[in-house]
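So you can see what is in the structure, the chains are spelled out below.
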Amino acid sequence: MKYLIQSTPIALAILLLASCQKSIQNENLKADNVSGLSESDRNSIASKGDNGKNFVYTLSNQTSGNEVVAYSRATDGMLTYSFSSSTGGNGTGGGLGNQGAVVKAMGNDVLLAVNPGSNSISALKITGSGLNLKSVVNSGGMTPVSITQHGDLVYVLNAGGAGNISGFRLGINDKLTPIANSTRPLSSMASGAAQISFMLNGTVLVITEKATNKIITYTVDHNGVPQMMHSISSASPTPFGFATGKFGNIYVSEAVGGAPNASNVSSYHINADGSIALIEGPVATGQSAACWAVLTHDGSYVYTTNTASNTLSSFDVQQVSGNINLQQSIAGTTQMGPIDAVLADNSNYLYILNGGGHSISVFAVAGTGNLTHLQTITGVPVGATGLAVN
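Residues numbered from 1 in each chain as written. Predicted model: local features only at pLDDT ≥ 70, side-chain atom pairs only at ≥ 80, totals over all residues. Heavy atoms only, no water.

Asker: When you look at the overall build of the chain in this model, what are you seeing that I'm missing?
Answerer: Broken down by element type, the chain carries one helix and 32 strands. With 390 residues in all, the chain has 57% of them scored as buried. For the chain, long-range pairs separated by at least 24 residues make up 51% of all intrachain contacts whose partners lie at least 6 apart in sequence. For the chain, the exposed surface amounts to about 14000 Å²; the carbon and sulfur share of it is 51%. (Helix = DSSP H or I, 4+ residues; strand = E, 2+ residues; numbered from the N terminus. Buried < 20%, exposed > 50% of the residue type's maximum accessible area, 1.4 Å probe, protein only. Contact = heavy atoms within 4.5 Å. Areas by Shrake-Rupley, 256 points an atom, 1.4 Å probe, with all protein chains shown as cover.)

Structure, rendered in structure tokens:
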């Protein structure tokens with residue numbers, strides 16, 4: 001079904017600094033309303049239809065039942081609401097302060113999703129007719145917020161309770177099976193965990209912790225079991241989302257607690273033994289609450305979503321060295337509260353989930369890194385989290 005958001009009186013607009021999320025009321029938004037386009041333009045987009053392959057996915061994160069909400073992605077990057085599919089779990093209905101809630105498994109037509117309201121994760125098979133729920137398993141902790149995959153290894157970051165990471169195998173028929181002795185703690189029982197991602201061909205796991213201002217790693221052995229933890233204090237406070245590049249480099253958005261115009265991006269090198277070294281940073285965005293980060297396919301540009309400024313920033317990247325330079329403090333503007341971001345079609349298109357605007361913004365990406373706004377599709381469920389593409 002399409003999501004129709006009921007109108008309520010406008011009560012407040014609160015920036016949650018710890019989670020880089022904005023909460024505002026709903027304004028009678030429809031899932032197929034594309035702002036800024038004429039009716040004929042919308043009909044042209046819709047006429048391209050679903051091709052059974054190219055979609056942008058987000059999680060509804062509803063307490064009454066979490067769903068993957070799918071938008072058909074046309075050849076020109078434009079989106080059209082397509083369908084929704086149950087994950088078999090529940091959401092929380094609000095911001096999670098996370099990156100990576102839903103991912104497409106590389107080399108496998110499977111979506112992996114977190115269910116933070118029911119402490120579980122799901123695997124859904126991508127088919128020509130939609131999504132088939134294949135597996136739902138306990139996440140090994142409380143409030144899973146981020147998930148990552150390499151080969152048949154899957155790891156989830158649980159932000160609730162004391163916080164931990166836990167591992168699974170993605171096996172025959174896309175079933176998830178817990179890996180024995182794979183659960184590991186974070187650096188603190190109040191870490192404010194944000195994101196987990198594999199690095200270096202699945203041999204290292206990287207985790208950002210907003211509350212401790214740390215980036216931590218675990219090496220992973222040939223059985224998929226975490227071994228030694230390493231950590232480093234971030235170059236500036238509130239390390240949040242990060243993008244993984246080649247040569248062991250990562251690019252981290254640092255929100256500095258949401259302080260006005262104080263956000264930064266820093267680059268770090270992850271060594272094979274899991275040790276971490278600062279490459280460059282902090283490099284200022286000149287914006288507020290830079291929380292999510294994505295890297296283009298060729299490794300040339302990093303984009304951050306600046307949740308409190310309703311803007312995007314762009315950075316030039318030196319792939320081998322990992323050095324970064326601010327390209328544009330304001331590379332694009334969005335609706336209220338831009339959060340998750342994902343690139344598609346060899347990074348020709350950038351999709352931004354707007355948490356406060358309950359919408360997804362679409363940008364064309366030029367070879368120079370410049371962004372051109374193409375579309376904003378509204379009606380995204382309140383509290384939605386994560387973006388993935390197929």
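Asker: Mind showing me how you'd approach the sheet that holds strand β10 (residues 130–138) here?
Answerer: Consider a sheet: its strands pair through backbone hydrogen bonds, and that pairing is either parallel or antiparallel. Read across the sheet, four strands follow the order β7-β8-β9-β10 without closing on themselves; strand pairing throughout is antiparallel. At either end of the open sheet lies a strand with only one pairing partner, and these are β7 (102–104) and β10. Across the sheet, the mean angle separating the axes of adjacent strands is 20 degrees when strand polarity is ignored. Alignment of strand β9 (residues 120–127) against β10, held across eight bridges, turns out to be antiparallel. Across the sheet, the residue bridging to Ser122 is Val136, located in β10. (Pairing = 2+ DSSP bridges. Axes fitted to C-alpha atoms, helices over the stretch in contact; angles between N-to-C directions.)

Asker: Looking at this structure, how should I read the confidence of the model for the chain?
Answerer: Regions with low pLDDT carry predicted coordinates that are not meant to be interpreted in detail. Summary statistics for the chain give a mean pLDDT of 89 and a share of 87% for residues scoring 70 or more. Confidence over residues 1–19 falls short of pLDDT 50; this stretch has 54 contacts with residues more than four positions distant or in other chains. The model gives residues 21–52 a pLDDT under 50, and that stretch makes 87 contacts with residues more than four places away or in other chains. (pLDDT = per-residue confidence, 0-100.)

Asker: Got a minute to help me understand the nonpolar core in this structure?
Answerer: Membership of the largest hydrophobic core comes to 28 residues, with the highest contact counts inside it found for Tyr57, Leu111, Leu112, Ile121, Leu131 and Leu176. In this structure, Leu79, Phe240, Ile339 and Ala384 belong to the second largest nonpolar core, which totals 23 residues. (Core = buried A, V, L, I, M, F, W, Y, C linked by side-chain atoms within 4.5 Å.)

Asker: Would you mind showing me how to read unusual backbone geometry here?
Answerer: Glycine aside, residues mostly have negative phi angles, and peptide bonds mostly take the trans form. Note the cis peptide between Gly281 and Pro282, where omega equals 5 degrees. A positive phi angle is found at Leu200, which is not glycine, with a value near 50 degrees. By relative accessible area, which is 29% here, Leu200 ends up partly exposed. For Phe247, which is not a glycine, the phi torsion comes out positive at approximately 65 degrees. Within the secondary structure, Phe247 is located in the loop between β20 (239–244) and β21 (249–254).

Asker: Just checking my understanding: could you explain the side chain of Thr296 for this structure?
Answerer: Note on placement: Thr296 falls in the loop between β24 (290–295) and β25 (301–306). Overall, Thr296 belongs to the buried group, its relative accessible area being 6%. Side chain to side chain, Thr296 and Asp298 meet in a polar contact 2.9 Å long. Look past the residues within four positions of Thr296 in its chain and what remains in contact with it is Tyr301, Tyr303, Leu343 and Ser347. (Polar contact = N/O pair within 3.5 Å; in protein donor to acceptor, adjacent residues only side chain to side chain.)

Asker: Honestly, the environment of Leu153 in this entry has me stumped. Any pointers?
Answerer: Here Leu153 shows up in strand β12 (residues 153–160). Note: C-alpha distance between Leu153 and Asn223 (70 residues apart in sequence) is 9.6 Å. The contact partners of Leu153, leaving out residues within four places of it in the chain, are Thr148, Phe168, Arg169, Ile179, Phe198, Val220 and Gly224.

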